[in-house]
Each structure stands twice: as structure tokens, then as C-alpha cells.
Amino acid sequence: MIRLFKHYVPNAVLLLGLLDVVLLVAAGELGWILRAHQVGMAALPMTTRAPQLFGYAAFIEVAMVAVGVYGADALQSLRYAMARLIVAISLGVIALSVLYFMIPQISFWRSNLLYAMVLSVLLLIFLRVLLGKTLGSQVFKRRIVVLGAGPRAARLKVLSKGPGAGFAVVGYVSMSEANRVIPEAIARDAIYNLADHVVLLNASEVVLALEERRNALPLKDLLRVKTTGVHVNEISTFLERETGRVDLDSVNPSWLIFSDGFSSGRMVSSAFKRLFDIGASLLLLVLTLPLVLVTAIAIRLESKGPAFYRQRRVGLYGVGFDVIKLRSMRQDAEVGGKAVWAEKDDPRITRIGRVIRKLRIDELPQCWSVLKGEMSFVGPRPERPQFVEDLEQKLPYYAERHMVKPGITGWAQINYPYGASIEDSRQKLEYDLFYAKNYSPFLDLLILLQTIRVVLFPAGAR
């Protein structure tokens, strides 16, 4: 994996992305040459239109990231990849057409976009057909050796078999666990030199997955492995990198304290985030005002009650604030003001409400909270005080998610479908802690782009 702005990018994804950029530039150039030939114009050197070509490639590449072209599903399924590619290229071309219309001086013929679009679809699909299953094969997977043969090691075994896994376990070493569950594990006593064993397996990483670490850490072995150039990782750090979340079953307070991260409060990054929030919220409030007003009228016509409603939420450092949303449920959705989890196919949701929830239109008024500084565009979703009190009692480290400003969208929202249970909250908490720990402007940008995928391909919105 390559670490880019504190975010890990799989080698296969990085390679595919670079090849896609090359093919997109080629598609733009071929489209321009084809159009020039049709009008009888001599083809000038490629360098004369390099900014337009790379601009075309950049727009399409951003759209591809936004709709999930580089997700695990798209890497495993050609049909899935084709559908996402067509959507992404169409969105990118539409955006470029609007830009060229507004600023014709930077255009390299809007008519040329049609040819470039068709060629891009053909070339990128051909690339994926050519590569086939190679991107998800053992070629791009890191080879790891697991020290341990208990339930934690079994979790790594299951994770390695999952679709999109970026690693393969090439060996297990039993460290005399009482609850051994990996039958193929080799006993440590049967290995004369663990470092040589790891090198012979051609492993690039050793993961420590012991059930009990007190007086059980094989420090001498780990030191020798480390000096051979093989990375040594503890299971919590490894799972954080591979899954994009903080694993609550394996972490402990000392790991959270001494591991890298939790820099969201730094002055420069905080100032950048706030400036973006102010600018983007003002722009969205102005641009979406007609849509919000039309939706509000539709809500009033369908059911009795106000079109907007206020609801108390828990924000930064546990301080409460009122969030404003478009009403998507009946006015009597909560009897006596008692908070109730939303359910699948919840009967309290109105017909208009079902539509605006799927399209996230009901969230637009929250831009006012962003402008005031109570929320950010990106961050953990703010929960209601009644739920927070309950969840803080049942889930470890739940209060830590309030150390960053809540957001309209977030890492949990783009990675986990909508859920309304303690277990769902636990899963989302793991993603929220990952965001709080690994915040960077790059991660915020990635989340904002991926939110487009969630809006276009809604999964479980309630």
C-alpha cells in the first residue's frame, strides 16, 4: 500500500488509476484528431493542447473516484465496473460541457467531447477486460505471516478471504495459545529461526495477533524480523489500515494514546476546514434555495405540520445544538418527544420524505448549522442526546467521537449503510474513530467525492 496524505491506497488501485489517466489523455487526443480530420484541419503538435487534454483526464478521473470505480466491487466485477465507468464518464463530460460553455476560451471544442467520451468508455473497459482478475489476484497482495493461532488470528484469516482483500496470509505461527483455532499453524518451538522462516516465505510483513500480550511478547524474534527489513505490525494497527476503521475488539487505551493520529485540532488544518465550510455552505444555501422551497411546499401539501423541524443533537465536546432539517416523517412520528430509531421501510416516513431521504435533500438546511460553525460538512453524524447517553454506556470510546465537529456527511456514511441499532452504532463508531484519528484535508475531499456515489446509488437510506 502507498500512504498518501495519511490515507492508504492499495497498489492495484494506484496502478489502475495511473493507467486510466494515460488512456483518458489518449482518448482526448484521438477524439481531437478525429474531429480535426472531419473538418479538414491539420493536426498541430499534441503539446499545443496538453492543458485541455490533462484537464479532460482530471475531470473524468475525479468523477471515477466519486462514483466508486476503484472500489472493491468494481475491481472484482467487470459488469459493475462498466456501469460505474459509464456513469462517471458521463458526469465528467457534463461538467466539462458546462465549464466550456461558461469559459469558452479554455475549450478544445465541445463537439470533440462526444468522441473522447466514447473512446474513453471503450479504452477503459478494454483495460479492465485485459487485466481481468489480475488486479484482485495474489500478484498485488502483500504476503504476511501471522504470529498467533487464536481467535484474533482467525479474524485475519477471514479478512484475507474477503473480496478486495489487499493481503494474503502465507503462514501462521502458534505462540503456545491455550485457545488455538488455526489448525495449520506451525508451533514456534518447531521453528529454529523465525526471521529465516519469514524470509523463506517471502513475506513483507509480520502481524502480531496474540490473545494475551503480558509477558508473552517475543521481543527477540520481533527484533530479528525487523532487522531483516520485514515490517512488524500489531493487529490493531494492521486492521485500521486494511479496513479503514478502528477495531474496537482489539484496541486498548494505550494504543489510542501512543499511536499516530488525532491531529484534527491543528491550527492550519482547522483553519482550512473552517474556510471551506463557510464558502461551501454559503454557495449551497444560495444554489439550493429554490429546491428547498419547492420541497417545503410539497411537504406541506402532502401532510399536516411544518415543512422544517428542529431537533436537538450533540456536537463538538458534547455541547448540544439544534439542527434544522426538512420534515420527512409524519408530525406525530414521536409520541411525547421520545427518541425512536428509524426502521427499514419505516411507516412514519411520508412519500415525499422517502424521496428526499434517498436524495439527501432533507439534509440541505443543515448548511445553516455549518455556516454558524456548529457543524462541518465532513465529520461524524450528530446523534440525539437520548441515544448518546445510552450509547456511551454500551460502547467503549463513544465519547471520543465528539472530539471532532459533527458533519453532514462522514467516513461512516460512505462506508456503512444506514443502521439503527446498537450493533450498527458500534460499526459506525469504528469508522468515526478512524476519521477522528486520521483526519486530513485529503480525507475530507475523498469523503465529499464519495458522497456523490452514496447519493447516486443510495443504499439503506432511512
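Just so you know, these numbers come straight off a predicted model, no measurement behind them.

Conventions we followed
- Residues numbered from 1 in each chain as written.
- Predicted model: local features only at pLDDT ≥ 70, side-chain atom pairs only at ≥ 80, totals over all residues.
- Heavy atoms only, no water.
- Pairing = 2+ DSSP bridges.
- Helix = DSSP H or I, 4+ residues; strand = E, 2+ residues; numbered from the N terminus.
- Contact = heavy atoms within 4.5 Å.
- Axes fitted to C-alpha atoms, helices over the stretch in contact; angles between N-to-C directions.
- 1 Å grid on protein atoms, 1.4 Å probe; cavity = no way out; pocket = protein on both sides within 12 Å on 5 of 7 lines; lining within 4 Å.
- Points joined across faces, edges and corners; volume = space filled by probe spheres on them.
- Nonpolar A, V, L, I, M, F, W, Y, C, P; charged D, E, K, R; others polar.
- Parallel < 35°, antiparallel > 145°, perpendicular 65-115°, else oblique.
- Left-handed = near helix turned anticlockwise from the far one by under 90°.
- Salt bridge = Lys/Arg side-chain N within 4 Å of Asp/Glu carboxyl O.
- Buried < 20%, exposed > 50% of the residue type's maximum accessible area, 1.4 Å probe, protein only.
- Core = buried A, V, L, I, M, F, W, Y, C linked by side-chain atoms within 4.5 Å.
- Phe/Tyr/Trp six-rings, centres within 6.5 Å; stacked < 30°, edge-to-face > 60°.
- Lys NZ or Arg CZ within 6 Å of the ring centre and 35° of its normal.
- Arc of directions from axis to C-beta.
- Expected span 1.5 Å × (residues − 1).

**Q** Lay out the sheet that holds strand β4 (residues 167-174) in plain terms, naming residues and giving numbers.
**A** Here we have five strands laid out as an open sheet, ordered β5-β4-β3-β6-β7, and parallel in their pairing. Since the sheet does not close on itself, it has two edges, and those belong to β5 (186-187) and β7 (231-234), each with one partner. Looking at chain direction, strand β6 (residues 205-208) and β7 are connected through four bridges and run parallel. Bridge pairing links Glu205 to His231 in β7. Its contacts with the sheet put helix α6 (residues 151-161) on β3 (142-147), β4 and β6, and the angle it makes with β4 is roughly 160 degrees. Sheet strands in contact with helix α9 (residues 235-243) are β3, β4, β6 and β7, and its direction is about 95 degrees off that of β7.

**Q** Got a sec to walk through empty space enclosed by the protein? Specific residues and values, please.
**A** Within the structure shown, the criterion is met by one cavity of 30 Å³ or more. Computed from the structure, the largest cavity encloses a volume of approximately 30 Å³. Lining the largest cavity we find Val314, Pro380, Arg381, Pro382, Arg401, His402, Val404 and Pro406. When the residues that make up the lining of the largest cavity are grouped by side-chain class, the tally is five nonpolar, one polar and two charged.

**Q** Now, about the packing of α6 against α9: what can you tell me, with residues and values included?
**A** Running from amino to carboxyl end, α6 crosses α9 at an angle of 20 degrees, the nearest separation of the two axes being 12 Å. In terms of their interaxial angle, α6 and α9 are classed as roughly parallel. α9 is crossed by α6, and the crossing has left-handed handedness. Contact with α6, carried on its side by Arg152, Arg155, Leu156 and Leu159, involves Ile235, Phe238, Leu239, Glu242 and Thr243 of α9 and no other residues of that element.

**Q** Help me get a handle on the pattern of salt bridges, residues and values and all.
**A** Going through the model one piece at a time under the given rule, you end up with 20 salt bridges. Residue Arg155 pairs with Asp247 through a salt bridge whose shortest N-O separation is 2.6 Å. Of this pair, Arg155 sits in helix α6 while Asp247 is found in the loop between α9 and α10 (253-258), placing the two residues 92 residues apart along the sequence. On the basis of relative accessibility, which here comes to 32%, the residue Arg155 falls in the partly exposed class. Judged by relative accessible area, Asp247 falls into the buried class, the value being 5%. Taken together, the shared-partner salt bridges in this structure form one network comprising Arg142, Glu205, Arg241 and Glu242.

**Q** Kindly report on the environment of Leu19, identifying the contributing residues and their values.
**A** Examined against the element boundaries, Leu19 turns out to sit in helix α1 (residues 11-38). Here Leu19 falls in the partly exposed class, since its relative accessible area comes to 33%.

**Q** Any details on the nonpolar core? Residues and values, ideally.
**A** Val246, Phe377, Trp411, Tyr435 and Ile447 are the most contacted members of the largest nonpolar core, which has 34 residues in total. Put simply, the parts of the chain that give this core at least two residues each are α10, β9 (320-326), α14 (367-372), β10 (376-378), α15 (385-394), α16 (411-415), α17 (422-438) and α18 (441-456). Those residues in contact with Tyr435 that lie beyond four places of it in its chain are Lys273, Val378, Gly379, Pro380, Trp411, Leu443, Asp444 and Ile447. By size, the runner-up hydrophobic cluster in this structure holds 27 residues, among which are Val9, Ala57, Tyr70 and Leu113.

**Q** So, the packing of aromatic side chains: which residues are in play, and what are the values?
**A** Inspection of the entire model under this criterion finds four aromatic pairs. Aromatic side chains Phe276 and Phe377 sit 6.1 Å apart centroid to centroid with 65 degrees between the ring planes, which places their arrangement in the edge-to-face category. Linking Phe276 in helix α11 (residues 267-287) with Phe377 in strand β10, this pair joins segments that are 101 residues apart in sequence. With a centroid separation of 5.6 Å and 20 degrees between ring planes, the pair formed by Trp411 and Phe434 is classed as stacked. Of this pair, Trp411 sits in helix α16 while Phe434 sits in helix α17, and the two are 23 residues apart along the sequence. Here the basic side chain of Arg49 rests over the ring of Trp32, its NZ or CZ set 3.7 Å away from the ring centre.

**Q** Pulling in residues and values, what's your account of helix α8 (residues 219-227)?
**A** Every α-helical turn comprises 3.6 residues, leaving residues that sit three or four positions apart pointing alike. Turning to α8, its buried residues number three or more, namely Asp221, Leu222 and Val225. Taken end-on, α8 shows its buried residues confined to a sector of 95 degrees, consistent with a single buried face. For α8, the exposed residues set more than 90 degrees away from the buried face come down to Leu219, Lys220, Leu223 and Thr227. Residues of α8 that are buried sit in contact with β3, α7 (194-200), β6 and β7.

**Q** Kindly report on the side chain of Arg241, identifying the contributing residues and their values.
**A** Positionally, Arg241 belongs in helix α9. Judged by relative accessible area, which is 17%, Arg241 ranks as buried. Not counting residues up to four positions away in its chain, the partners in contact with Arg241 are Met1, Tyr8, Arg142, Glu205 and Asn233.

**Q** Outline the packing of helix α12 (residues 289-302) against helix α13 (residues 351-358), supporting the account with residue identities and numerical values.
**A** For the pair α12 and α13, interaxial distance at closest approach is 9 Å and the crossing angle is 150 degrees. Viewed along their axes, α12 and α13 adopt a mutual orientation that is roughly antiparallel. Across the interface between the two elements, Thr295, Ala298, Ile299 and Glu302 of α12 pack against Arg351, Ile352 and Ile356 of α13. Of the residues that constitute the contact of α12 with α13, the class distribution is four nonpolar, one polar and two charged.

**Q** Just give me the short version of α1, but keep the residues and values in it.
**A** Counted at 1.5 Å a residue, the expected span for α1 with its 28 residues is 40 Å, and the 41 Å between its end C-alpha atoms agrees. With its phi angle positive at about 70 degrees, Gly40 sits one or two positions after the end of α1.

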